[in-house]
Amino acid sequence: MEERAAKKPAKKTTKKPAKKTEKIMEKKDKPLTIGVLTSGGDAPGMNACIRAVVRVGIARGCKMVGIKRGYAGLLAEEFIDMDVTTVCETIQKGGTILQTARCPEFLTEEGQEHGARICKKHGLDALIVIGGDGSFRGAQQLSRRGINVVGIPGTIDLDIPCTEYSIGFDTAINTAMSAIDKIRDTSSSHERCSIIEVMGRNAGYIALYCGIANGAEDILLPEFYDGNEQAIINNIISNRKRGKTHHIIVNAEGIGHSNQLAKTIEAATGIETRATILGYLQRGGNPTCTDRVHASTMGALAVDVLVAGKKNKIIAYRSGQYVDLDIEEALKMKKDISEYQYEVSRMLSL
Ligand code: ADP
Ligand code: F6P
């Protein structure tokens, strides 16, 4: 973890400083004005993160400004002053009190330039962006236009390469796991095959975790699935012969086609097969303790990084440490889903 320097208190002096020095002091002592927004898909724990950003910012003497509806709200200049009371009663709540949005206009150079102009117009010394990889790319564009940005990973998908944790993942997998347990009860009672499709965009992290935690017979991950439906059918038939009363398939959103797969399986095996697409319920609900703690720590560190004078950073969780990474370096990183955990899931499903 990079060293964090505490903000030094201003030296007391009895002498009247020269005019030029006075100006420098004024600039140096002017409290930082920090904006914060949430962008992309909401994730449980974003509120805990906003709360930490605002409260630590105020504790460090900064002026805190909330921007509503992500980059859409930035372009529309939806700025609100934040104080300690604006974030009361939020740590336990899902969603985001600042609201969020996808903003196609921000994918354009004109949109990004407009965004940078608005940050300058409102006197922002820095902007904290809580969101996923796409939101970080937007922040990177702002940084290239002279805006000091800090990104905090917030997405249930866990698909940001530079970090091993992103806010919302733990809540989402626990929500999905509970839902799949319930489906298993009824699936088993009716001796059916059940396909449960979980979110994750193009990444299979939610599917992998739930597949292991729910003891799924098959897990279909975009990273590994070869499209061999016959292999799934053969697995169902051999499990049925061995006396299994249900067959749970956790399918990742990145593969999709769950309803079509259910029809194919039923036609080939004669076993009633149902597909359930868990959908948006995975993004809602009260954040787990893990999410609240990660969100609070990352939010606090984002502010402290700015107070220490650092520029253009992504807060990440790596090897058990909270770190700040250079945004350009961070967005070049790659990560792979664990092949070993996938193998484990296959062995455990026997
Ligand atoms: P997430 O942040 O969860 O990955 P998105 O990919 O939808 O979600 O990104 C959120 C928003 O960030 C987009 O609607 C867009 O405004 C902005 N964004 C995404 N990708 C880029 C990019 N390559 N350049 C600039 N802005 C981007
Ligand atoms: O990134 C979070 C996520 O929930 C993905 O898992 C999913 O693919 C996507 O957002 C859905 O986005 P939207 O809310 O725009 O339908």
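In this report, the structure presented in the accompanying data block is examined. (Residues numbered from 1 in each chain as written. Chains lettered and ligands numbered in written order. Predicted model: local features only at pLDDT ≥ 70, side-chain atom pairs only at ≥ 80, totals over all residues. Heavy atoms only, no water.)

Examined against the element boundaries, Q140 turns out to sit in helix α5 (residues 133-143). The contact partners of Q140, leaving out residues within four places of it in the chain, are I327, E328 and L331. (Helix = DSSP H or I, 4+ residues; strand = E, 2+ residues; numbered from the N terminus. Contact = heavy atoms within 4.5 Å.)

This brings us to the pairing of strand β1 (residues 33-38). Counting buried positions over the 6 residues of β1 gives 6, a clear majority of the element. Sheet topology note: the β1/strand β2 (residues 63-67) ladder contains 4 bridges and is parallel. Across the sheet, residue I34 finds its bridge partner in β2, namely M64. (Buried < 20%, exposed > 50% of the residue type's maximum accessible area, 1.4 Å probe, protein only. Pairing = 2+ DSSP bridges.)

Contacts to ligand 1 come from 16 residues, most closely from R102, C103, G132, G134 and S135. The side chain of S135 places a nitrogen or oxygen atom 2.5 Å from an oxygen atom of ligand 1. Side-chain polar atom of R201 to an oxygen atom of ligand 1: 3.3 Å apart, as the coordinates give it. Of the residues assigned to the shell around ligand 1, the class counts are 4 nonpolar, 8 polar and 4 charged. (Near = heavy atom within 4 Å. Polar contact = N/O pair within 3.5 Å; in protein donor to acceptor, adjacent residues only side chain to side chain. Nonpolar A, V, L, I, M, F, W, Y, C, P; charged D, E, K, R; others polar.)

Turning to the nonpolar core, a few remarks are in order. Ranked by size, the top nonpolar core spans 60 residues in total, and within it I128, I152 and V198 carry the most contacts. With 9 residues, the top contributor of residues to this core is helix α10 (residues 289-307). Counting contributing residues, this core receives three or more from each of domain 1 (33-168 + 287-330) and domain 2 (171-283). V65, A72, F106 and A316 belong to the second largest nonpolar core, which has 31 residues in total. (Core = buried A, V, L, I, M, F, W, Y, C linked by side-chain atoms within 4.5 Å. Domains from an automatic or database assignment.)

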